[in-house]
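Notes for the structure review
For reference, the chains in residue letters:
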Amino acid sequence: MGLYRQDGSRITKATFPAAALDDPPVRVTEDVYVSEPYGRGDGRPEGSKRFMLYPAGTIVLRSAVDRMFNAAVIASINPIKGPAAGGATVTIKGSNLDGISAVSFGGTAGTDLHIRSAGELTVKTPPGEAGAVTVELADDSGAVSKSNGFTYEAPAGG
C-alpha cells in the first residue's frame, strides 16, 4: 500500500502534504467541570451548580481552552492609600479575580491574599516607599495592572 496524488504520483513521507496547525488539539487529562452561579432572586440559597464540561480523554482545540481563562479586570481598589509601613488590608473588586495567584504593590508581593469571589479579593500591603505605585495581579491569563493604583503615605513627622 502506498499514498498517491490524484495524478498517480507517489507521496513519500518527506513530501507528505501537511502544514503545522496554528491551533493544535489537546487531550484533556482529567474530568473538567464548569461552575454556574445561582441565587439572588431565584428562591434558592446563593451558591453554584457544577456541570461536566469535558470528560477525561476529550480532544479539544487549544483556542477553546484559552477562551475559558478570561483575564482579570480591576474595577476598584479600596482603600487607595495606606501607611508606608505596610499592613493595610486592601479590597480589590472587578471580574475574573478567582484565578489570581499573587498581588504586588510597586513590584513587592502583598501578603495574606484571600479570594472572596470571582469579583472580590483582599490582600495586605507590603512595606513601601512613600508615593503612588502600580498594583499588579498575577493571573492565569497573564499580569493585569493598575498604574498609580495605591499610594503609600509617609509617616507623620517624617
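Model, not experiment: these values are computed from the prediction.

Counting its regular elements, the chain contains one helix and 15 strands. Whereas a compact globule of 158 residues would reach a radius of gyration of roughly 15 Å, the chain reaches 24 Å, over 25% beyond that. When the backbone C-alpha atoms are referred to their principal axes, the chain occupies close to 90 × 45 × 20 Å. Across the 158 residues in the chain, those meeting the buried criterion constitute 23%.

Another point: the sheet that holds strand E9 (residues 89-95). Think of a sheet as strands paired side by side through backbone hydrogen bonds, with each pair either parallel or antiparallel. In spatial order, the strands read E7-E9-E13-E12; together these four strands make up an open sheet with antiparallel pairing. Two strands close off the open sheet at either side, each with one partner strand: strand E7 (73-78) and strand E12 (111-117). Within the sheet, the average angular offset between the axes of one strand and its neighbour, ignoring direction, is 20°. Pairing of E9 with strand E13 (residues 120-124), which is carried by five bridges, proceeds in the antiparallel orientation. Within E13, the residue paired with Ile 92 across the bridge is Leu 121.

Once that is clear, we can look at the pattern of salt bridges. For the structure shown, the criterion picks out two salt bridges. Of the charged contacts in the structure, one is a salt bridge between Asp 66 and Arg 62, with a shortest N-O distance of 3.5 Å. Of this pair, Asp 66 and Arg 62 both sit in helix H1 (residues 62-67), separated by four residues, roughly a single helical turn. Across the pair Lys 93 and Glu 120 runs a salt bridge whose closest N-O atoms are separated by 3.9 Å.

In this section: the side chain of Thr 125. Following the sequence through the fold, Thr 125 ends up in the loop between E13 and strand E14 (131-139). In this structure, Thr 125 is in contact with Gly 86, Gly 87, Ala 88, Val 90, Phe 105, Phe 150 and Tyr 152, ignoring residues within four places of it in sequence.

Our next topic: the packing of aromatic side chains. Overall, the coordinates contain two aromatic pairs when judged by the stated rule. Considering the side-chain rings of Phe 150 and Tyr 152, the 5.2 Å spacing of their centres and the 80° angle between planes classify their relative orientation as edge-to-face. Clustering of aromatic rings is evident, with ring pairs tying together Phe 105, Phe 150 and Tyr 152.

What follows concerns the side chain of Thr 122. Relative to the assigned elements, Thr 122 resides in strand E13. Note on Thr 122: relative accessible area 8%, which makes it buried. A polar side-chain atom of Thr 122 sits 3.2 Å from a polar atom in the side chain of Arg 116. When residues no more than four places from it in sequence are discounted, the contact partners of Thr 122 are Thr 89, Val 90, Thr 91, Asp 112, Leu 113, His 114 and Arg 116.

On to the nonpolar core. In this structure, Ile 92, Val 103, Phe 105, Leu 121, Val 135 and Leu 137 are the most contacted members of the largest nonpolar core, which totals 18 residues. Taken together, the elements giving at least two residues each to this core come down to E7, E9, strand E10 (102-105), E13, E14 and strand E15 (142-153). Filtering out sequence-adjacent residues up to four positions away, Leu 137 remains in contact with Ile 74, Ile 92, Leu 97, Ile 100, Ala 102, Val 103, Leu 121, Gly 142, Ala 143 and Val 144. In terms of nonpolar packing, the next biggest core, distinct from the first, is built from five residues, Val 28, Tyr 54, Val 60 and Val 65 among them.

Attention now goes to the pairing of E13. Within a regular strand, the side chains alternate between the two sheet faces. Sheet analysis places E12 next to E13, joined by four bridges and oriented antiparallel. Its bridge partner being in E13, Ser 117 is matched across the sheet by Glu 120. The loop that links E12 with its antiparallel partner E13 comprises two residues.

So, how was this worked out
- Residues numbered from 1 in each chain as written.
- Predicted model: local features only at pLDDT ≥ 70, side-chain atom pairs only at ≥ 80, totals over all residues.
- Heavy atoms only, no water.
- Helix = DSSP H or I, 4+ residues; strand = E, 2+ residues; numbered from the N terminus.
- Rg over C-alpha atoms; globule rule 2.2 N^0.38 Å.
- Buried < 20%, exposed > 50% of the residue type's maximum accessible area, 1.4 Å probe, protein only.
- Pairing = 2+ DSSP bridges.
- Axes fitted to C-alpha atoms, helices over the stretch in contact; angles between N-to-C directions.
- Salt bridge = Lys/Arg side-chain N within 4 Å of Asp/Glu carboxyl O.
- Contact = heavy atoms within 4.5 Å.
- Phe/Tyr/Trp six-rings, centres within 6.5 Å; stacked < 30°, edge-to-face > 60°.
- Polar contact = N/O pair within 3.5 Å; in protein donor to acceptor, adjacent residues only side chain to side chain.
- Core = buried A, V, L, I, M, F, W, Y, C linked by side-chain atoms within 4.5 Å.

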